[in-house]
Amino acid sequence: MLQKGTLIEDQGDERNAARIYRHALAIVPPDVTPPEMLRAALERARAAVRRDDGALEERLAAIRAQRGRGPYRRVDKCIDLLTGKRSRNAPQPTFLYFPDLPTPEYFDGVEFPWLGVIDAATDEIRGELTTVLSSDQSGLQPYVAYPEGVPLQQWRELNKSRRWSAYFLWNEGVAQPEHLARCPRTVQMLQSAPQCDVAGHGPNTFFSILEARTRIPPHTGVTNARVTVHLPLIVPPDCGFRVGSDTREWIPGKAWVFDDTFEHEAWNGSDTPRALLIFDIWNPYLSEDERELVRAAIETVGSYYHGTTGSLA
């Protein structure tokens, strides 16, 4: 394929050469070092693709410029998919899938009136976390804690490790009284959010501490009936978060809502810990009646199997 692309490029057809080169480059795994004999050809292919991207982007610039004139975020994503800058992802819940809901990766276009209140309380919430970290280290527990004999797959490095730890306020629907008492302002702010309350499963609310030089591997959540909120509290440089094909940086005091049934991952490449407040809420596209019925269904299945269906954490 590289030879074919080179032949077409030498004939002056740069656009079709770039198309061939894209197919060739897509075959090369990102973590593989190619043999010396292929490196020059691969670099030529990458250079041709970069030039082609630039030429096409010039033609699309006028369309992208309209983003500033209205809510064209979806059109922008559409163009990114068309040009290969973004890959198409779909929810992949490990437990319960609620069909026919809108499926954004981040809920940027949805109004959450209570979210601004929580953003405004960031300094107070961070202060309570700081007190917790200095006075109740024993309350932190590994977020990943599979029992012996369970296949660990991508969680092998983090299983039972404090490198990713949690200080729970609610854990699978069970309140943690001592922790709640240490964080009264945080608890007060959370009362305005529609937390996903399902007996034995939710809500789940916790401070998430990711240690320096630690990466959370790609994974998906259990159900799209609820979505997840991140409130960044302590964010050193070189931290990031990806949901589907959308990668972002946390900004302290700027919460976001996302669907964790899309594949997602997080990393802290700095030398100091990163801290968030994480909690789940009902999917905003579910009606009150649907929430009641989903709650009843999950609780019924859970009781039938004596809790073996898995948590909503």
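Please read all numbers here as calculations on a predicted model, not as lab measurements.

Chemist: For this particular structure, what's the right way to read the overall build of the protein?
Modeler: Helices and strands together make up the secondary structure of the protein, namely nine helices and eleven strands. When its C-alpha atoms are laid out on the principal axes, the protein stretches across 75 × 45 × 45 Å. Here the protein, with 313 residues, has 46% of them falling under the buried criterion. A sequence separation of at least 24 residues applies to 73% of the contacts in the protein between residues at least 6 apart. In the form shown here, the protein has an accessible surface area of approximately 17,000 Å², with 53% of it arising from carbon and sulfur atoms. Mean positive and mean negative side-chain charge positions of the protein (35 and 42 charges, respectively) differ by 6 Å.

Chemist: Just to check I follow, could you spell out a nonpolar patch on the surface for this structure?
Modeler: A grouping of V301, Y304 and Y305 is seen on the molecular surface, where their side chains present a nonpolar patch of about 330 Å² in accessible area. Here Y305 lies in the segment after α9 (288-304).

Chemist: I keep staring at the packing of helix α2 (residues 14-27) against helix α3 (residues 36-65) and nothing clicks. Help me out?
Modeler: Packed helix pairs are characterised by how far apart their axes lie and by the angle those axes make with each other. Packing of α2 against α3 leaves a shortest axis separation of 9 Å and a crossing angle of 125°. Considering their axes alone, α2 and α3 lie oblique with respect to each other. At the point where α2 passes α3, the crossing takes the left-handed sense. Contacts between α2 and α3 involve R15, A18, Y21, R22 and L25 from the first element and L42, R44, A45, R46, A48, V49, D52, D53 and R59 from the second. Its residues assigned to classes, the contact of α2 with α3 comprises seven nonpolar, no polar and seven charged.

Chemist: Would you take a moment to explain the pairing of strand β6 (residues 226-234) for this structure?
Modeler: Residues in a regular strand project their side chains so that they alternate between the two faces of the sheet. Burial analysis of β6 places eight of its nine residues in the buried class, the great majority of the element. Here eight bridges tie β6 to strand β11 (residues 274-282), and the two strands are oriented antiparallel to one another. In the strand pairing of β11, T228 is matched with D280. In this sheet, strand β9 (residues 256-258) lies alongside β6 in antiparallel orientation, the contact comprising three bridges. Each bridged residue has a counterpart across the sheet, and for V229 the counterpart in β9 is V257.

Chemist: Mind showing me how you'd approach helix α6 (residues 122-135) here?
Modeler: Structural remark: α-helix, 3.6 residues per turn; residues separated by three or four positions point the same way. Across its 14 residues, α6 extends 20 Å between first and last C-alpha, which sits within 8% of the 20 Å expected from 1.5 Å per residue. Within α6, burial applies to T122, I125, E128, L129 and V132. The buried residues of α6 occupy an angular sector of 130° when the element is viewed end-on, so they sit on one face. Structural note: α6 exposes D123 and S134 on the side pointing more than 90 degrees away from its buried face.

Chemist: What should I look at first to understand the pattern of salt bridges in this one?
Modeler: Side-chain pairs of opposite charge can arise where the charged atoms are in close proximity. By the definition in use, this model includes 23 salt bridges. Here D10 makes a salt bridge to R44, at a shortest N to O gap of 2.7 Å. A residue pair is termed long-range when its members are at least 10 positions apart, and D10 in helix α1 (residues 2-10) and R44 in helix α3 qualify at 34 residues. By relative accessible area, which is 32% here, R44 ends up partly exposed.

Chemist: Sorry if this is basic, but what is going on with the environment of C183 here?
Modeler: Of note, C183 is situated in the loop between α7 (177-182) and α8 (184-190). In the structure, C183 is positioned 59 residues away from E124 in sequence and 9.4 Å away in space, judged by C-alpha atoms. The residues contacting C183, other than those within four sequence positions of it, are E128, V132, Y167, L169 and F207.

Chemist: Looking at this structure, I do not really get α3. What am I missing?
Modeler: Here α3 contains 30 residues, and its C-alpha end-to-end distance of 42 Å stays within 8% of the 44 Å for a straight helix at 1.5 Å per residue. Looking only at α3, the buried set comprises L42, A45, A47, A48, V49, D52, L60 and R64. Turning to α3, the residues buried within the fold contact α1, α2 and α4 (73-83).

Chemist: Sorry, what's going on with the nonpolar core here?
Modeler: The nonpolar side chains of a soluble globular protein tend to be buried, and buried together. W114, I125, F279 and I281 are the most contacted members of the largest nonpolar core, which has 32 residues in total. Those elements that place two or more of their residues in this core are α5 (115-120), α6, β2 (164-171), α8, β4 (205-210), β6 and β11.

Chemist: How should I be thinking about the packing of aromatic side chains in this particular structure?
Modeler: Aromatic ring pairs are described here by two measures, namely the spacing of the ring centres and the angle between the planes. By the definition in use, this model includes 13 aromatic pairs. When the centroid spacing of 6.1 Å and the interplanar angle of 35° are considered together, the rings of F107 and Y285 count as tilted. Of the two residues, F107 sits in the loop between α4 and α5 while Y285 sits in the loop between β11 and α9, which places them 178 residues apart along the sequence. Residue classification places F107 among the buried positions, given a relative accessible area of 4%.

Criteria and thresholds
Residues numbered from 1 in each chain as written. Predicted model: local features only at pLDDT ≥ 70, side-chain atom pairs only at ≥ 80, totals over all residues. Heavy atoms only, no water. Helix = DSSP H or I, 4+ residues; strand = E, 2+ residues; numbered from the N terminus. Buried < 20%, exposed > 50% of the residue type's maximum accessible area, 1.4 Å probe, protein only. Contact = heavy atoms within 4.5 Å. Areas by Shrake-Rupley, 256 points an atom, 1.4 Å probe, with all protein chains shown as cover. Lys, Arg positive; Asp, Glu negative; His and termini not counted. Charge placed at Lys NZ, Arg CZ, Asp CG, Glu CD. Patch = residues over 30% accessible without salt bridge, like charges linked within 9 Å, V, L, I, M, F, W, Y side chains within 5 Å. Salt bridge = Lys/Arg side-chain N within 4 Å of Asp/Glu carboxyl O. Axes fitted to C-alpha atoms, helices over the stretch in contact; angles between N-to-C directions. Parallel < 35°, antiparallel > 145°, perpendicular 65-115°, else oblique. Left-handed = near helix turned anticlockwise from the far one by under 90°. Nonpolar A, V, L, I, M, F, W, Y, C, P; charged D, E, K, R; others polar. Pairing = 2+ DSSP bridges. Expected span 1.5 Å × (residues − 1). Arc of directions from axis to C-beta. Core = buried A, V, L, I, M, F, W, Y, C linked by side-chain atoms within 4.5 Å. Phe/Tyr/Trp six-rings, centres within 6.5 Å; stacked < 30°, edge-to-face > 60°.

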